[in-house]
Structures are given as C-alpha cells and as structure tokens.
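# Inside the fold
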Amino acid sequence: MASEALTAYRTLLRATRKTFAGDTLMLRESAVEVRKKFEENRHVTSPTDRNRLLEEAREASHFISNMIVQAKLNDRGGYEVRPGKEHAGATLEVPSEELLKKSK
C-alpha cells in the first residue's frame, strides 16, 4: 500500500507541475497542500479508507490535469487561456479580468 500512496503522491505533484508551470506561487502552494493531505492520512490503516483516499488522489490528479487551465498574462495586459488537447470536451469557466487582477 505504501508504494501505491507514493505513486499517487508523485502523480499529483506531476499534475500540478504541468498545470501550473511558470506560476511559482501556485506550484509552491499546491505542493504544500498535496503534502499536507498525505501527511494528515499517513496513519490510516483501514484498507477501505486507504482505497478511498487513493481513489480521491487519482480523481484529484485527473481533475488538475484535465479541468484546470492556467491563464497567462499577455503583452496587451489581458489574460489568455489556451486549453490543450487534454482539455477537449471539458466545460471551461473563464474567470473575469477583474477576478484575475484581484488574485495577483
């Protein structure tokens, strides 16, 4: 089971690194959050609970990889969203310019 948890942990970190490439704050914060969640559940011994947590980690990795698109500031001062082929068929919500400016 430990190797499955390690695989899930690494998969989540890879998903965040790919999705948030170039965004130092999001890379750091997402890595902290992933680590925190795994540490909180380090001592779970029930096979049912472990399997549920591993499935949640797989779902989170899929969500991060396929449902989140990082907006990039362009040279005109606006934000551009460029979904990749992994986002095909997903419904994308594009935040307003005002919301993006507040998050800086």
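Residues numbered from 1 in each chain as written. Predicted model: local features only at pLDDT ≥ 70, side-chain atom pairs only at ≥ 80, totals over all residues. Heavy atoms only, no water.

## Section: the overall build of the protein chain
Across its full length, the protein chain holds four helices and two strands. Its helices and strands in sequence order give the protein chain the pattern α-α-α-β-β-α, from N to C terminus. Of all 104 residues assigned to the protein chain, the portion counted as buried reaches 21%. Partitioning the intrachain contacts of the protein chain with sequence separation of at least 6 by distance along the chain shows that 46% fall at a separation of at least 24. (Helix = DSSP H or I, 4+ residues; strand = E, 2+ residues; numbered from the N terminus. Buried < 20%, exposed > 50% of the residue type's maximum accessible area, 1.4 Å probe, protein only. Contact = heavy atoms within 4.5 Å.)

## Here we look at the layout of surface pockets
In this structure, the largest pocket spans a volume of roughly 710 Å³. What lines the largest pocket is a set of 24 residues, and nearest its centre among them are A5, K37, F38, E39 and N41. Contributing elements (two or more residues each) for the lining of the largest pocket: α1 (2–19), α2 (24–40) and α3 (47–67). A breakdown of the residues in the lining of the largest pocket according to their chemical character gives 14 nonpolar, three polar and seven charged. (1 Å grid on protein atoms, 1.4 Å probe; cavity = no way out; pocket = protein on both sides within 12 Å on 5 of 7 lines; lining within 4 Å. Points joined across faces, edges and corners; volume = space filled by probe spheres on them. Nonpolar A, V, L, I, M, F, W, Y, C, P; charged D, E, K, R; others polar.)

## Here's the deal with the nonpolar core
One finds A8, Y9, L12, L13, A15, V34, L54, A57 and I64 forming the largest nonpolar core, which totals nine residues. Mapped by element, the contributors of at least two residues to this core are α1 and α3. In terms of residues, this core owes the most to one element, α1, which gives five residues. (Core = buried A, V, L, I, M, F, W, Y, C linked by side-chain atoms within 4.5 Å.)

## Focus: the confidence of the model for the protein chain
In this model, the protein chain carries a mean pLDDT of 85, and residues with pLDDT of at least 70 account for 78%. Mean pLDDT values over the elements of the protein chain span from 64, in helix α4 (residues 97–102), up to 95, in α2. (pLDDT = per-residue confidence, 0-100.)

## Describing the packing of aromatic side chains
Counted by the stated rule, this structure contains one aromatic pair. A centroid spacing of 5.2 Å and a plane angle of 75 degrees characterise the contact between Y9 and F38, whose relative ring orientation is edge-to-face. Here F38 lies in helix α2 and Y9 lies in helix α1, a separation of 29 residues in the sequence. Of the residues examined, Y9 reaches a relative accessible area of 18% and is grouped as buried. Given a relative accessible area of 23%, F38 falls into the partly exposed group. (Phe/Tyr/Trp six-rings, centres within 6.5 Å; stacked < 30°, edge-to-face > 60°.)

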